Amino acid sequence: EPVGSADESPAGQIYDEISAEYLHAFEKNAPIIVGPVTDRWGSWITALVPLTDQHTGELAAILGMDMDAGNWRAALIRAAIPPSAITVTLILILMTNVVLSSRNEQTHGTGAMSPQLLKSAVIAAVGLVLTLSGAWLFHNQETRSRLLDFRQLANERSRALLENFRSLRDIELEGLARFIEGSHEVDNREFQRYSGYLVQN
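Quick look at the structure, then. (Residues numbered from 1 in each chain as written. Predicted model: local features only at pLDDT ≥ 70, side-chain atom pairs only at ≥ 80, totals over all residues. Heavy atoms only, no water.)

**Some words on the overall build of the chain**
Each helix and strand in the chain was counted, giving four helices and three strands. Shown N-terminal to C-terminal, the secondary structure of the chain runs as helices and strands in the order α-β-β-β-α-α-α. The C-alpha radius of gyration of the chain comes to 32 Å, more than 25% above the 17 Å expected for a compact globule of 201 residues. Seen through its C-alpha atoms, the chain measures out along the principal axes to roughly 110 × 45 × 35 Å. Expressed as a percentage of the 201 residues in the chain, the buried residues total 11%. (Helix = DSSP H or I, 4+ residues; strand = E, 2+ residues; numbered from the N terminus. Rg over C-alpha atoms; globule rule 2.2 N^0.38 Å. Buried < 20%, exposed > 50% of the residue type's maximum accessible area, 1.4 Å probe, protein only.)

Right, here's the structure in full:
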């Protein structure tokens, strides 16, 4: 929230309403997803990921990200609609078959649909629904697969960038810091000469 807004959460604010579930991330030093949890700001699904010290493995901080519980519920409903629609459609087809079959028996074939034609229509309708469902599932699987491939490629590229930053931090900037610490006085010319390679890198 922007500074000065009614819902602003300033740096260092104590979070008195913390859920006991949130504390598991601190106690177990493991990532968790919690929620929905309601506080003064609303209702949330929260992902908590521990950040540990590289050298000691001790917990340094917890990264938390909230998702509005209303958005989460809407996503669940959207995910449930297609399978529910398929199931309801198949039930309607089978119920229609039962109703038409019982009418055929009552009218004893006069002006009614023949049993063979009715069976064929039901089989065709069920087959059409299952075929469309299969095509939809295949399309979703392909989309998910493409997204996973993209994420994997992005992770590989970003990992290389991260390694460069780590190298810059742990080796090159550390060397610069030691150079400055070890010198009584570093003038501009010396600094430019030493740091020129770092700037290019």
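Now that the structure is up, let's keep going.
**With respect to the layout of surface pockets**
As a volume, the largest pocket reaches approximately 540 Å³. Elements represented by at least two residues in the lining of the largest pocket include exactly α1 (20-28), β2 (42-52) and β3 (59-68). The element contributing the most residues to the lining of the largest pocket is β3, with four residues. Split by residue class, the lining of the largest pocket holds 11 nonpolar, five polar and six charged. (1 Å grid on protein atoms, 1.4 Å probe; cavity = no way out; pocket = protein on both sides within 12 Å on 5 of 7 lines; lining within 4 Å. Points joined across faces, edges and corners; volume = space filled by probe spheres on them. Nonpolar A, V, L, I, M, F, W, Y, C, P; charged D, E, K, R; others polar.)

**Comments concerning the environment of Val37**
For Val37, the location among the structural elements is in strand β1 (residues 32-39). On the basis of relative accessibility, which here comes to 10%, the residue Val37 falls in the buried class. Separated by 18 residues in sequence, Val37 and Ser19 place their C-alpha atoms 7.4 Å apart. Excluding residues that lie within four positions of it along the chain, Val37 makes contacts with Ser19, Glu21, Tyr22, Gly42, Ser43 and Trp44. (Contact = heavy atoms within 4.5 Å.)

**Observations regarding the sheet that holds β2**
If you walk across this open sheet you meet the three strands as β1-β2-β3, and the pairing is antiparallel. Only two strands of the sheet have a single neighbouring strand rather than two, namely β1 and β3. This sheet shows a mean twist of 30 degrees between the axes of neighbouring strands, independent of strand direction. Here β1 pairs with β2 via six bridges, running antiparallel. Residue pairing across strands places Ile33 opposite Ala47, the latter belonging to β2. Across the sheet, α1 is in contact with β1, β2 and β3; its angle to β1 comes to roughly 150 degrees. Packed onto the sheet, helix α2 (residues 69-107) meets β1, β2 and β3 and runs at close to 65 degrees relative to β3. (Pairing = 2+ DSSP bridges. Axes fitted to C-alpha atoms, helices over the stretch in contact; angles between N-to-C directions.)

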